[in-house]
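# A structural walkthrough
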Amino acid sequence: MRKWIVAGNWKMHNTIAESVALARTVKEGTAGLKSGEVVVAPPFTALTSVGEALKGSSVALAAQNMYCEDKGAYTGEVSPLMLKDVGCTYVIIGHSERRKYFIESDETVNLKAKKALATGLKPIVCVGETDGERNKGVTEAVVGRQVRGALADIDKLDNVVIAYEPVWAIGTGMVATPAQAEDVHDFIRRLLVEIYGCMAADVRILYGGSVTKDNIAELIAMEDIDGALVGGASLKADGFLGIISKMP
Ligand code: 13P
């Protein structure tokens with residue numbers, strides 16, 4: 001039985017004060033949670049304060065990105081050791097916005113995923129096709145390449161989480177239908193089984209892209225959808241807690 005995850009990716013939103021207030025409400029709202037895992041990914045500037053605010057709760061802290069070296073002359077970058085130092089247990093890797101605006105490739109995603117695992121951070125590896133790629137019928141080719149690329153030379157999946165986020169569904173209100181999402185999740189699962197055998201059965205595959213409290217129930221009902229990576233709806237406590245309240 002895979003334990004569900006609802007992760008909030010706050011992207012480039014929220015001051016420290018706003019982040020702490022949101023984290024406190026999420027902490028209170030999840031106090032009695034019996035199943036699953038809740039994760040929040042504030043901007044780097046708020047990680048320390050949100051980590052403090054979440055102490056004593058089961059809400060896990062994630063970063064939205066990291067560099068693939070422990071330290072050195074890499075101006076502007078943040079190392080996985082620094083993320084561990086502020087209490088992160090997860091790190092989002094290869095989000096489509098990083099691939100698009102910061103030219104991250106399957107190779108850099110792979111370097112980061114390997115480094116995260118070696119440091120004891122759990123990577124949430126993002127994959128997903130654009131609308132143009134879907135229309136051309138190459139969704140599986142693209143997602144397959146991204147998954148294989150991200151996981152190259154990684155031989156254990158214990159701490160790996162995959163997030164399928166179709167680019168056309170991110171921030172557009174155009175959520176994938178449960179069937180569209182499940183088709184790709186099932187494809188990813190079969191690909192992981194092909195590469196890794198039976199350990200692939202335990203890997204959590206999250207869906208992301210315009211998830212709200214009104215559409216999560218039918219998504220999470222799908223066989224291979226193990227949770228959600230939530231952007232916009234995670235910025236308001238009622239929206240985020242509403243999603244969590246629909247989890248099994
Ligand atoms: P939205 O939920 O705003 O569509 O964003 C999804 C996302 O990119 C999460 O990483």
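The text that follows walks through the structure, step by step, so that each part is easy to find. (Residues numbered from 1 in each chain as written. Predicted model: local features only at pLDDT ≥ 70, side-chain atom pairs only at ≥ 80, totals over all residues. Heavy atoms only, no water.)

### Topic: the sheet that holds strand E7 (residues 204-208)
- With parallel pairing, the eight strands of this closed barrel are ordered in space as E1-E2-E3-E4-E5-E6-E7-E8. Between one strand and the next, the sheet's axes are offset by a mean angle of 25°, whatever the strand orientation.
- Helix H7 (residues 139-151) rests against strand E5 (122-127) and strand E6 (161-164) of the sheet, and its axis sits at about 155° to E5. (Pairing = 2+ DSSP bridges. Helix = DSSP H or I, 4+ residues; strand = E, 2+ residues; numbered from the N terminus. Axes fitted to C-alpha atoms, helices over the stretch in contact; angles between N-to-C directions. Contact = heavy atoms within 4.5 Å.)

### Quick notes on the nonpolar core
- By size, the foremost hydrophobic cluster in this structure holds 65 residues, and its most contacted members are Leu151, Ile188, Leu192 and Tyr207.
- Contact partners of Tyr207, with chain neighbours within four places excluded, come to Tyr164, Pro166, Ala169, Val175, Ala176, Ala181, His185, Leu219, Ile225, Gly227, Ala228 and Leu229. (Core = buried A, V, L, I, M, F, W, Y, C linked by side-chain atoms within 4.5 Å. Buried < 20%, exposed > 50% of the residue type's maximum accessible area, 1.4 Å probe, protein only.)

### Comments concerning the pairing of strand E3 (residues 60-63)
- Residues Ala60 and Ala62 point to one face of E3 and Leu61 and Ala63 to the other, with burial holding for every one of them.
- Across two bridges, the pairing between strand E2 (residues 37-41) and E3 is parallel. Looking at E3, one finds that Val40 is bridged to Leu61.
- A crossover links E2 with its parallel partner E3, the connecting element being helix H2 (residues 47-54), and its sense is right-handed.
- The pairing of E3 with strand E4 (residues 90-93) spans two bridges and is classified as parallel. In the strand pairing of E4, Ala63 is matched with Val91.
- As a crossover connection, the stretch from E3 through helix H3 (residues 80-85) into E4 is right-handed. (Right-handed = clockwise from strand over helix to strand, strands pointing away.)

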